[in-house]
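Residue-level structural notes
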Amino acid sequence: MRIGELSERTGVPAATIKYYLREHLLQAGEHGEGNTVEYGPAHVHRLTLIRALSETAGLSVAQIGEVLTVLGRHPESAFQALGATLAATHRDPKFSLASEGTTEAAERTVDQLLHEYGWAEVAPPNYRDALVIALSAFYRLGNPDPQEVLGHYADAAAALASADMEAIAEATRVDGVNVEQAVVATVLGETVFAALRRIAHVAASAKTQAGQGP
């Protein structure tokens with residue numbers, strides 16, 4: 001198919017397709033007769049993947065490039081691809097108004113939590129720092145220590161991580177290694193979890209209000 005048909009099939013404008021080609025997010029087509037270039041099902045799939053990563057997961061072009069690089073580097077290890085994808089899509093939060101006191105308090109809370117869950121030795125420094133920055137902003141706004149709530153968050157995160165690992169292991173056992181499936185599930189899973197959390201909040205709020213009514 002030509003680029004016009006590829007655009008129609010995927011909903012991606014031809015100009016955007018050409019941009020993805022220049023950025024090496026999309027593999028080049030095959031040159032046909034004259035100056036024509038032909039594209040196939042692999043290009044349709046790649047553009048669908050790029051749209052999912054961009055529109056649904058909210059990744060930047062640079063992050064999408066990192067994820068696609070992961071797919072090329074780890075063709076036989078879903079677990080290595082999972083770790084590399086998490087690193088590639090991580091966003092370092094920023095908060096310039098943290099004071100020395102709030103930062104120290106946040107560091108104490110985070111380090112205690114990581115120690116309690118046995119994560120202190122394995123947590124990448126940038127993930128630990130992201131927690132510290134978020135809590136520093138929380139404290140700077142005059143909020144109380146959320147340690148009990150953080151424990152619930154950590155419990156949910158641990159359960160979710162275990163479920164992810166079990167799902168990848170089971171899929172690998174049944175169908176063989178599918179690195180793309182593991183990567184896509186990881187990236188889109190964060191969007192799915194965020195939506196589920198919001199739904200759960202609405203449900204819990206409605207339940208609480210109903211219990212407080214006459």
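All values derive from a computational prediction rather than experimental measurement.

This part is about the side chain of Thr89. Looking at where Thr89 falls in the secondary structure, it is placed in helix α5 (residues 78–89). The residues touching Thr89, leaving out its near neighbours within four places in the chain, are Leu59, Gln63, Val67 and Val187.

A separate point is the domain arrangement of the protein. According to the domain assignment, the protein contains domain 1 (3–56) and domain 2 (100–212). Distance from the C-alpha centre of domain 1 to the C-alpha centre of domain 2: 36 Å. At the interface, five residues of domain 1 touch five residues of domain 2. Contact with domain 2 buries surface across domain 1, with Leu49, Leu53 and Thr56 losing the most and accounting together for 73% of the total. Put simply, domain 1 and domain 2 have two residue pairs in polar contact (both at pLDDT 80 or more) between them. Here the residues of the side of domain 1 that touches domain 2 are counted per class, giving three nonpolar, two polar and no charged.

In this structure, Leu47 and Val183 are the most contacted members of the largest nonpolar core, which totals 23 residues. Residue assignment for this core shows that the elements contributing at least two residues are α2 (14–22), α3 (41–56), α4 (61–73) and α9 (179–212). Composition of this core by domain shows at least three residues from each of domain 1 (3–56) and domain 2 (100–212). For Leu47, the residues in contact, after removing those within four places along its chain, are Leu6, Thr10, Val12, Ile17, Tyr20 and Leu26. Grouped together as the second largest cluster of nonpolar side chains are 10 residues, Ala105, Ala106, Tyr139 and Leu150 included.

Let's shift gears to the packing of α4 against α5. Packing of α4 against α5 brings their axes to within 9 Å, and their N-to-C directions diverge by 165°. Classified by the angle between their axes, α4 and α5 sit roughly antiparallel to one another. Crossing of α4 against α5: the hand is right-handed. Where α4 approaches α5, its residues Gln63, Glu66, Val67 and Val70 are matched on the opposing element by Ala81, Ala84, Thr85, Ala88 and Thr89.

Criteria and cut-off values
- Residues numbered from 1 in each chain as written.
- Predicted model: local features only at pLDDT ≥ 70, side-chain atom pairs only at ≥ 80, totals over all residues.
- Heavy atoms only, no water.
- Helix = DSSP H or I, 4+ residues; strand = E, 2+ residues; numbered from the N terminus.
- Contact = heavy atoms within 4.5 Å.
- Domains from an automatic or database assignment.
- Buried area = accessible area lost by both parts, 1.4 Å probe.
- Polar contact = N/O pair within 3.5 Å; in protein donor to acceptor, adjacent residues only side chain to side chain.
- Nonpolar A, V, L, I, M, F, W, Y, C, P; charged D, E, K, R; others polar.
- Core = buried A, V, L, I, M, F, W, Y, C linked by side-chain atoms within 4.5 Å.
- Buried < 20%, exposed > 50% of the residue type's maximum accessible area, 1.4 Å probe, protein only.
- Axes fitted to C-alpha atoms, helices over the stretch in contact; angles between N-to-C directions.
- Parallel < 35°, antiparallel > 145°, perpendicular 65-115°, else oblique.
- Left-handed = near helix turned anticlockwise from the far one by under 90°.

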